[in-house]
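Chain by chain, the residues run as shown.
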Amino acid sequence: MYRGGYYEEQNNLIFIPILIVIGGTILYYVMDYLKPIPHSLSQETIEKSDFLKKQKAVVYFSTTSDQDVGGDGLGLTVFIDRKNQAKSFSSKGLELNNLAVSSQNDLLLVDSEKMRLIGSSYKEFDLKKPQYMGEQTGYIPKKQLFFSLFNTGFDKQNQYTYTLSYGNKSGFKETTIPFYINATGIGQDRILLLTTQSVQEENSPMMIQDVTFSSGKMKLAAQAELKIEGKNEIEAFSSILSDADYYYVVLKVSESEHEENSKLVMQRIDKNSDEQKTFLMDSYKKEKDSTSSIPYNIKNSSHLYKGIIYYIDGNGTIMTFDTKTTKINKKFKLEQVDKEGKKHHEESFFNGNSLFMLRYDPKSAEKYLIETYSLSSGKKVTESRIKGLAEILNSTQTHDVFSYDFRMLN
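Residues numbered from 1 in each chain as written. Predicted model: local features only at pLDDT ≥ 70, side-chain atom pairs only at ≥ 80, totals over all residues. Heavy atoms only, no water.

Q: It is not clear to me how the packing of aromatic side chains should be interpreted in this structure. Could you clarify?
A: The geometry of an aromatic ring pair is captured by two quantities: the separation of the ring centres and the angle between the planes. Summed over the entire model, instances satisfying the criterion amount to 15 aromatic pairs. Taken together, a centroid distance of 4.8 Å and an interplanar angle of 55 degrees make the contact between Y139 and F146 tilted. Of the aromatic side chains, those joined through ring pairs into one cluster are F154, Y160, Y162 and Y180. Sitting over the ring of Y246, R268 keeps its end group 4.2 Å from the ring centre. Of note, K343 hangs over the ring of Y296, and the distance from its end group to the ring centre comes to 5.5 Å. (Phe/Tyr/Trp six-rings, centres within 6.5 Å; stacked < 30°, edge-to-face > 60°. Lys NZ or Arg CZ within 6 Å of the ring centre and 35° of its normal.)

This is the structure in structure tokens:
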């Protein structure tokens, strides 16, 4: 007897639940992707003149540049108010971007397409063309100028370049820096750069350079060539600091023929004579020790306060360099540092006699907190649990975001 119709009917009955399960799964992921980020801030809210006055800290997160180029980038500026509640403002992404605050407590937010000034009044400016990787954003007090450096990459002449955008609420100008930038620093009236002449040439010289501004124009001038004895690979582990007499920068120096042998040094450059001296801060015999020592944020790893340079490594150790005596000490260590060196968006920020840390605590309900340490005593003086930050970050699972800056406000 022919029973084909019966089997087809039975197969259809089996296939329908499978379709329901598959369809439900797809719908779940679509809804999860479209789910709004919790604790979100609107454009209207951040434009209010009193908005920043109510905030005590800000953290910047972004996707990497490859996602942004593909149109799927995401930038999150998370504000933490005085009640420790986190709320986020969404924008385009910008890898390696950071934040800048003026002497008047205006805040510059930068993404791949716009520059936004938030504070007593709101202004925004479009970049001339999209940028996908930041380098340094800051404020130059004596010139009352904000700036943002973008890593533009090779130009049509195969020259490595950076785009520099600088200005204020009156508007921004753009120009080009024709070198590879290894480290940056911000002075009272200038930007400091550690540059490589040509990244395509082995052992190409590294130079300390000044970026100054006069009559609205930028001027770039070489100050000194970096001098490290031996054949070494050099990586900046701090920003460039300076006082009346010297430039200072923390470097990781690895022997070219024995990369497992590396050391952490303070390089001091005399501003007048170009005389240089290298001071050993630490040494590493294993690559894993060298890797775990990478700072939480290289741009925020060093701080000059009352003649003492403070430096924090990735293991939570705070070292000091006395600029008068040149003595180096291991001052103190953060509490409860992850022994495996995992950093869950943890960040550092120095101000005056204080070190502020954005920390992760897997055992707490809030997961994230801000700790304050006294630099003079080495003691933790306060901690604040942050409400809502873990929820915000958990909602971005379809975007792989990373923390790139943290700072206290007001």
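Q: Please explain the sheet that holds strand β5 (residues 107-110) as it appears in this structure.
A: Hydrogen bonds between backbone groups are what pair the strands of a sheet, and the pairing can be parallel or antiparallel. One open sheet holds the 4 strands; their spatial order is β4-β5-β6-β7, and the pairing between them is antiparallel. Strands at the two margins of the open sheet, each flanked by one partner only, are β4 (100-101) and β7 (123-126). Looking at chain direction, strand β6 (residues 114-118) and β7 are connected through 4 bridges and run antiparallel. Looking at the pairing, M115 lines up with F125 of β7. (Pairing = 2+ DSSP bridges. Helix = DSSP H or I, 4+ residues; strand = E, 2+ residues; numbered from the N terminus.)

Q: How should I be thinking about the pairing of β5 in this particular structure?
A: Looking down a regular strand, the side chains alternate between one sheet face and the other. The side-chain alternation of β5 yields two buried faces, one formed by L107 and L109 and the other by L108 and V110. Between β4 and the antiparallel strand that follows it, β5, lie 5 residues; N105 among them carries a positive phi value of about 65 degrees. Sheet topology note: the β5/β6 ladder contains 4 bridges and is antiparallel. Bridge pairing links L109 to R116 in β6. (Buried < 20%, exposed > 50% of the residue type's maximum accessible area, 1.4 Å probe, protein only.)

Q: Just to check I follow, could you spell out the sheet that holds strand β27 (residues 368-374) for this structure?
A: One open sheet accounts for 4 strands, arranged β25-β26-β27-β28; its pairing is antiparallel. Each edge of the open sheet is held by one strand with a lone partner, namely β25 (347-351) and β28 (380-385). For this sheet, the mean inter-axis angle between neighbouring strands, taken without regard to orientation, is 20 degrees. Of the strand pairs in this sheet, β27 and β28 are connected by 5 bridges, and their pairing is antiparallel. Bridge assignment links E371 to a residue of β28, and that residue is E383. (Axes fitted to C-alpha atoms, helices over the stretch in contact; angles between N-to-C directions.)

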